[in-house]
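# Observations on chain architecture
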Amino acid sequence: MTASAPGPATRWLFARQRFGITPGLDGVRALLARLGNPEARFDAVLVAGTNGKGATTAALAEMLRQAGVRTGRFVSPHLSEPGERVVVDGVPMSPAAFEAAAARIRPHVEATGATFFEALTAMACQAFARAGCRTVVAEVGMGGRWDATNALEPVASLITSVGLDHTERLGDTVAEVAGEKAGILRSGRPAWTSARGDALDALRARARSLGAPLRSLHDPEVEVSIRLRGWEGLEVDVAQGGEGATLRSPWLGRHQGENLALAALGARELGVGWDAVRAGAASATWPGRLERIAPARPDLPAVRLLLDGAHNPDAARALASTLEALSSRPELVFGASSDKDVRGVLGALAPHVTQLHATRARLSPRALSAAEVAAEAAACGIPVAGHYQDPREAVTAAMWAAHGAGSAAGVLVAGSLYLVGEVRPWLLGEASPAFERWQ
């Protein structure tokens, strides 16, 4: 099934991806001003970090929704459909609504010369204001200090784990990257982080200089205990100052336990009760990230299928740890963008996969070729079963290989969220993506 043709305003907006990004907040602030500053009509919570920020955003938004708060959620990138980026009370923006919103802001974007992400951020703010959202949880796109989302004035900020990614823009050390993430902190506004080591030290130093009350999952008065329940998900005990709850979630992976704990403490900071926190943890979804799915295709064998957009070494190590805990050694379908540390990702996964089916996201001009992916895998000692220009063929081959081996390990699709976003709707019999993917 293919997606319906996008409207002219949506095509115009996504064409702006090719113009890249412009660090700084002047452009987005000028655009928001032309729109009447819609961001002033709701409370904002910013969520930054290298890995886990999307999951934390999704969990916190769901906890707020369960508390009866009309909640907006802004994330990037989308997995398959653009409307996934702009969600109100758990419902993504429809293609028709997205087209109308893009058409409304088009003259203002053209007048200011705003970039794609600046335009998208402002468009989301306008949509949230029009929908009457009381609180908006916004995932920071890249870094923090100069990201367009930082034009919002947060009532609270969350920073997830910090590692090396986008080093050409954010810095060559974890401390430098953390310094950029710390740009979302505000004087007198509460903040929580799950960062460790040098990153945590850098965040604390910046928080002290700003007068921002930053607390950590690793503070003595905070208790977090994570129990893995195999393929059933997680249990997370979270307590602060002796008061807490046990959260149960279908999410997989110890690192997702930390994301849930961070979201829970952020929700408590915003006045959400523990009952709503528990309900939000149980019902929050975050597709394409350690997601187990059952394909709706009768032409494919019944094998366990796991999707995860692990695209940097830290994320790959978390994924590898999860595979080890699940005693799973799957067939790997892998594709990656050319600007990523592909060898670092594959090196982390190598001991935990059977063999690799190399491919690429067809809609991503930044993607490595399947042949280049295969060469990187071979250099990491991963047997290469084949390489495929069409990721659907790679997934099909991997699923039949897993089925033929009689293994319960199944298939893992990983390396690029763009790749996951292409194969997931095909596997589920849903509409396929229709845009080139640059951002």
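Above this text is the structure in question.
Here is a short report on the structure shown in this document. (Residues numbered from 1 in each chain as written. Predicted model: local features only at pLDDT ≥ 70, side-chain atom pairs only at ≥ 80, totals over all residues. Heavy atoms only, no water.)

## Notes on the overall build of the protein
Counting secondary structure elements, the protein contains 15 helices and 17 strands. Scaling as 2.2 N^0.38, a compact globule of 439 residues should have a C-alpha radius of gyration of about 22 Å, and the protein matches this with 21 Å. If you line up the protein on its principal axes, its C-alpha atoms span 60 × 55 × 40 Å. For the protein, restricting intrachain contacts to residue pairs at least 6 apart in sequence, the fraction spanning at least 24 positions comes to 73%. Computing the positive centroid from 45 side-chain charges and the negative centroid from 45, the protein places the two 4 Å apart. (Helix = DSSP H or I, 4+ residues; strand = E, 2+ residues; numbered from the N terminus. Rg over C-alpha atoms; globule rule 2.2 N^0.38 Å. Contact = heavy atoms within 4.5 Å. Lys, Arg positive; Asp, Glu negative; His and termini not counted. Charge placed at Lys NZ, Arg CZ, Asp CG, Glu CD.)

## Brief notes about the sheet that holds strand β9 (residues 222-228)
Strands sit in the order β9-β10-β11 across an open sheet of three strands; the sheet is antiparallel. What marks the edges here is a single partner per strand, and that holds for β9 and β11 (243-249). Pairs of neighbouring strands in the sheet enclose a mean axial angle of 10°, with direction left out of account. Across seven bridges, strand β10 (residues 234-240) lies against β11 in antiparallel orientation. When the sheet's bridge partners are listed, Gln240 is paired in β11 with Glu243. (Pairing = 2+ DSSP bridges. Axes fitted to C-alpha atoms, helices over the stretch in contact; angles between N-to-C directions.)

## Side note on the layout of surface pockets
Its boundaries defined by the atoms lining it, the second largest pocket holds a volume of some 520 Å³. Residue lining of the second largest pocket: 28 residues in total, with Arg73, Glu84, Pro92, Thr285 and Pro287 positioned closest to the centre. Elements represented by at least two residues in the lining of the second largest pocket include exactly α3 (53-66), β2 (71-74), β3 (86-88) and α15 (417-428). Ranked by the residues each element gives to the lining of the second largest pocket, the list is headed by α3, at four residues. For the lining of the second largest pocket, a count of residues per class yields 13 nonpolar, six polar and nine charged. (1 Å grid on protein atoms, 1.4 Å probe; cavity = no way out; pocket = protein on both sides within 12 Å on 5 of 7 lines; lining within 4 Å. Points joined across faces, edges and corners; volume = space filled by probe spheres on them. Nonpolar A, V, L, I, M, F, W, Y, C, P; charged D, E, K, R; others polar.)

## Here's the deal with the pairing of β9
The pairing of β9 with β10 spans seven bridges and is classified as antiparallel. Paired with Ser225 across the bridge in β10 is Asp237. Two successive antiparallel strands, β9 and β10, enclose a turn made up of five residues, where Gly230 displays a positive phi of approximately 60°.

## Things to note about the environment of Asp147
Among the structural elements, Asp147 can be located in the loop between β5 (135-139) and β6 (154-159). Look at Asp147 and you get buried, because its relative accessible area is 7%. In this structure, the C-alpha to C-alpha distance between Asp147 and Thr121, residues 26 residues apart in sequence, is 9.9 Å. In contact with Asp147, not counting residues within four places along its chain, are Leu25, Phe117, Val140, Gly141 and Met142. Of note is the side chain of Asp147, whose polar atom sits 3.1 Å from the backbone nitrogen of Gly141. (Buried < 20%, exposed > 50% of the residue type's maximum accessible area, 1.4 Å probe, protein only. Polar contact = N/O pair within 3.5 Å; in protein donor to acceptor, adjacent residues only side chain to side chain.)

## Remarks on helix α11 (residues 313-325)
For α11, built from 13 residues, the straight-helix expectation of 18 Å at 1.5 Å per residue is met to within 8% by its first-to-last C-alpha distance of 18 Å. Buried residues along α11 sit in contact with α9 (254-269), β13 (305-308), α12 (342-349) and β17 (411-414). Where α11 terminates, the next one or two residues include Ser327, which has phi positive at roughly 55°. (Expected span 1.5 Å × (residues − 1).)

## Digging into the packing of aromatic side chains
What the rule picks out here adds up to four aromatic pairs. Pairing Phe14 with Phe116 gives two aromatic rings, centres 5.1 Å apart and planes at 55°, and the pair type is tilted. Note that Phe14 is positioned in helix α1 (residues 8-15) and Phe116 in helix α5 (residues 116-130), a separation of 102 residues in sequence. With respect to class, Phe14 is no different from Phe116; both count as buried. Put simply, the rings of Phe14, Phe98 and Phe116 touch in pairs and so form one group of aromatic residues. When the ring centre of Trp286 is taken as origin, the NZ or CZ atom of Arg289, which lies over that ring, is 3.9 Å away. (Phe/Tyr/Trp six-rings, centres within 6.5 Å; stacked < 30°, edge-to-face > 60°. Lys NZ or Arg CZ within 6 Å of the ring centre and 35° of its normal.)

## Focus on unusual backbone geometry
With omega at -10°, the peptide bond leading from Ser76 into Pro77 counts as cis. In this fold, Pro77 is placed in the loop between β2 and β3. Even without being glycine, Asn37 reaches a positive phi, approximately 50°. As for its position among the elements, Asn37 is in the loop between α2 (26-34) and β1 (43-48). Here the phi dihedral of Asp89 falls at roughly 50°; this positive angle occurs in a residue that is not glycine. For Asp89, the location among the structural elements is in the loop between β3 and β4 (91-92). Exposure remark for Asp89: the relative accessible area of 25% places this residue in the partly exposed category.

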